[in-house]
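Here's the letter readout for the chains.
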Amino acid sequence: MDSGDAARWDRTFKRDNTIEMKPQTGFQFLAEELLSYILSFLPHRDILRCTSICRTLRQTYLSSSELQYIVEISGQQLLVIPNTDDSIPISKRLQRLRDEAHAWFKVDTHPFLKMVPVTRAPLAREIIVAGGHFCSWDPLGDTAMIFPVHPKPSQQSIRRNWLPGTLCSVPRSRKLDMFMDPAQNLIAVAYVVDHKTVYINLGALDGDGVHPQAAGERLFLSDDWEIRFQPRRTKLKGFGRHIAFSRRWDDGNRTSLDRVWQLHIWDWKYSTTSSSILAALNGSALPVDFCFLGNNRLLVITDNLNLYSIENMSQTPELLACFLMPIPLDLRCLSPIDDIGYGSQPHMQAQATMCTSDPTHRLICLTANSARDTQALIISTRIFFDLDEMAAAMPIPWQHWGPSNTRILWHPFHFKIHINGNRVLHTLPLGARNSQFVLHLLDFSPLAVTNRRGLGRVVKEPSTTYIGADGFGESLTTSLPYVQVVFSDRKFDCADSLLRDMWIDKDGIYMLSRSGSIDRLEVIDVRSDLPSDVVSTS
């Protein structure tokens, strides 16, 4: 090698080494911990998009339990519960979330039957299963009861019977409605005194006296809203810190200026009086039902769906939007079972519970019953939160909100249905005369498709269903996607076992049926391999 070649080689070597010595400054060359931290600020859909187009980000995602946990929580449309046990590793929380979701696609509907005799009033109504407890009220016999059917080890079990005269001992009073909230240890009883004044007592389920978190012993209606006519229909509902009471008068002699429907809302932990009041006059479209959408919104159901804000309890609820229905229907709102309580009592919340369904991304179910069939509208609550500033200015037509955010189900009259979070459980009739039925699960969460592991069938195709009543109706096409699972391994005979009602929560399925002269509450534990129980009521 001559001197010229040596010089050229030396320059080349130095240039190459200079290039190699330059720092790597691309986004993909950041430390994996920093990449994970940056991605954690993105919505779950954007995280998945990023990891699908970049190999480095994909590897970061696969090696990060935190990122996968964010995607799993958001994809199942859940909210993390504060003040839970932080000692549980994030990897175990992630695996538990996935296992719980997968368990719903392979439910064993053949439980081991264990009979536990209890006493129940023969004419009891307002029967629900909530917070792992069976609750019922008999307005004619003036009795009520609550007992545990599926409590968690760290959850308080409440067992109590109210004899006649103990729900409300006020003289010259008549009970109008009541509800129990085991998660908040709350029982609320609405009653009218002297056929005029309405009160709502607030008590503790596990003892006598006033609820320890209540603002007072009872809630009061404003004096200027008292009316001399007796209400024909009353409803008492609660969610978290709110309690609402509605009353409706059916009197053909009223004028157009008479109030025929009222709804009072209280923050029962803060005040015993209500300034948040809605009313409807005679001749207008009368509300038939209402439901809470989280802690700050209320949906009032008339011929259409009217959405209100109840954030400011010192004033009349603010109308946010009116969602027009395609045809008038006598709709009822099916109340879901809350995943957790919103109280501060630690003994009422299972430490193992890590998350709850997101009120802004769950389902509501509106049903219309006729003598021959039941029509159910499954609606995603996202439409009630993704609003622009002009939503209240003009009603929103069905074509703009309904088809892509709704799925309509139609079945014969004895059809049963219930919802929890993003899951729907209903009976699916079999045979030419619908003599049998099986249980049918629909999961509407976004991750249900990708996480189903080959279980269930994805339904994205639009479906057209005829809805209506009294010979007047319309065929509607809806397309809210879901995954369906038919539990065909067990068939229920409609003649031998009359299914009276059915519920679903995040842990299991509850079916109240009559077999001969005995009522049975059957519990199917979805999230456990332990045998299920059957509670017999006689």
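Chains are numbered independently. Their residues run from 1 in the order of the written sequence. The model is predicted, so local features are restricted to residues of pLDDT at least 70 and side-chain atom pairs to those at 80 or more, both for listing and for counting; the totals for chains, interfaces and linings are taken over all residues. No hydrogens and no water enter the side-chain calculation; it runs on all heavy atoms of the structure.

**Q** Which residues make up the sheet that holds strand β10 (residues 218–220), and what values go with them?
**A** Each pair of strands is called paired provided DSSP finds at least two bridges between the two strands. Numbering of helices and strands runs from the N terminus, with a helix taken as a DSSP run of H or I at least four residues long and a strand as a DSSP run of E at least two residues long. Across the sheet, which stays open at both edges, the four strands sit in the order β7-β8-β9-β10 with antiparallel pairing between neighbours. The open sheet has two edge strands, β7 (173–181) and β10, and neither has a second partner. In this sheet, adjacent strand axes meet at a mean angle of 20 degrees when their direction is disregarded. Summarising the sheet, strand β8 (residues 186–193) and strand β9 (residues 197–204) pair through eight bridges and their orientation is antiparallel. Only the stretch in contact is used when a helix axis is fitted, and all axes are lines through C-alpha atoms; the angle between N-to-C directions ranges over 0 to 180 degrees.

**Q** Could you give an account of the environment of Val170, naming the residues involved and the relevant values?
**A** With respect to the helices and strands, Val170 occurs in the loop between β6 (160–162) and β7. The buried label applies to any residue whose accessible area, calculated with a 1.4 Å probe on protein chains only, is under 20% of its type's maximum; exposed applies above 50%, and partly exposed to all values in between. Overall, Val170 belongs to the partly exposed group, its relative accessible area being 26%. Considering only alpha carbons, one finds Val170 and Tyr191, 21 residues apart in sequence, at a separation of 9.1 Å. Residues count as neighbours in contact if any of their non-hydrogen atoms are within 4.5 Å of one another. With residues up to four places along the chain from it excluded, the contact list for Val170 reads Tyr191 and Val193.

**Q** Please provide a residue-by-residue account of the pairing of strand β11 (residues 233–239), values included.
**A** By the bridge criterion, seven bridges tie β11 to strand β12 (residues 242–248) in an arrangement that is antiparallel. Bridging from a neighbouring strand, Gly238 pairs with Ile243 of β12. Counted along the chain from β11 to the antiparallel partner β12, the turn is two residues long, and its residue Gly240 has a positive phi close to 60 degrees.

**Q** I'd like to hear about the packing of aromatic side chains, residue by residue, with values.
**A** The pairing test for Phe, Tyr and Trp rings, Trp by its six-membered ring, is centres within 6.5 Å, and the orientation test on the planes gives stacked under 30 degrees, edge-to-face over 60, and tilted for anything in between. Applying the stated criterion to the full structure yields nine aromatic pairs. Taking the centre distance of 5.8 Å and the plane angle of 35 degrees together, the rings of Tyr191 and Tyr199 count as tilted. Exposure remark for Tyr191: the relative accessible area of 1% places this residue in the buried category. A residue is classified by how much of its surface remains accessible, and Tyr199, at 22% relative accessible area, is partly exposed. Their ring planes at 25 degrees and their centres at 6.4 Å tell us that Phe239 and Phe292 sit as a pair that is stacked. Of this pair, Phe239 sits in strand β11 while Phe292 sits in strand β15 (residues 289–292), and the two are 53 residues apart along the sequence. Since its relative accessible area comes to 12%, Phe292 is described here as buried. Every member of this aromatic cluster is reached through a ring pair, and the members are Phe323, Phe384, Trp398 and Trp401. When the NZ atom of lysine or the CZ atom of arginine is within 6 Å of a ring's centre and also within 35 degrees of its normal, the charge is said to sit over that ring. Positioned over the ring face of Tyr199 is Arg218, at 5.9 Å from the centre of the ring.

**Q** Which residues make up the state of the cysteines, and what values do they have?
**A** Disulfides are defined as cysteine sulfur pairs within 2.5 Å. Summed over the entire model, instances satisfying the criterion amount to zero disulfides. Cys50 carries a free sulfur, and the closest cysteine sulfur to it, the one in Cys54, is 8.4 Å from it. Exposure remark for Cys50: the relative accessible area of 23% places this residue in the partly exposed category.

**Q** Report on the confidence of the model for the protein chain, specifying residues and quantitative values.
**A** Confidence of the prediction at every residue is given by pLDDT, a number between 0 and 100. Per-residue confidence for the protein chain gives a mean pLDDT of 80, with 77% of residues at or over 70. Here strand β2 (residues 115–118) stands out as the element of the protein chain with the lowest mean pLDDT, 48, in contrast to helix α7 (residues 398–405), whose mean of 95 is the highest. Counting contacts from residues 112–118, a segment whose pLDDT is below 50, to residues more than four positions away or on other chains yields 23 contacts. Scored below 50 in pLDDT, residues 340–352 makes 37 contacts in the model with residues more than four places away or belonging to other chains.

**Q** Quick one: what's the story with the sheet that holds β15, residue by residue and with numbers?
**A** The sheet built from four strands is open, its strands ordered β15-β16-β17-β18 with antiparallel pairing. Of all the strands in the sheet, just β15 and β18 (318–323) have a single pairing partner and so form its edges. The average angle at which neighbouring strand axes cross in this sheet is 20 degrees, direction not considered. Judged from the four bridges that link them, β15 and strand β16 (residues 297–301) form a sheet pairing that is antiparallel. Opposite Cys291, over in β16, you have Leu299 as the bridge partner.

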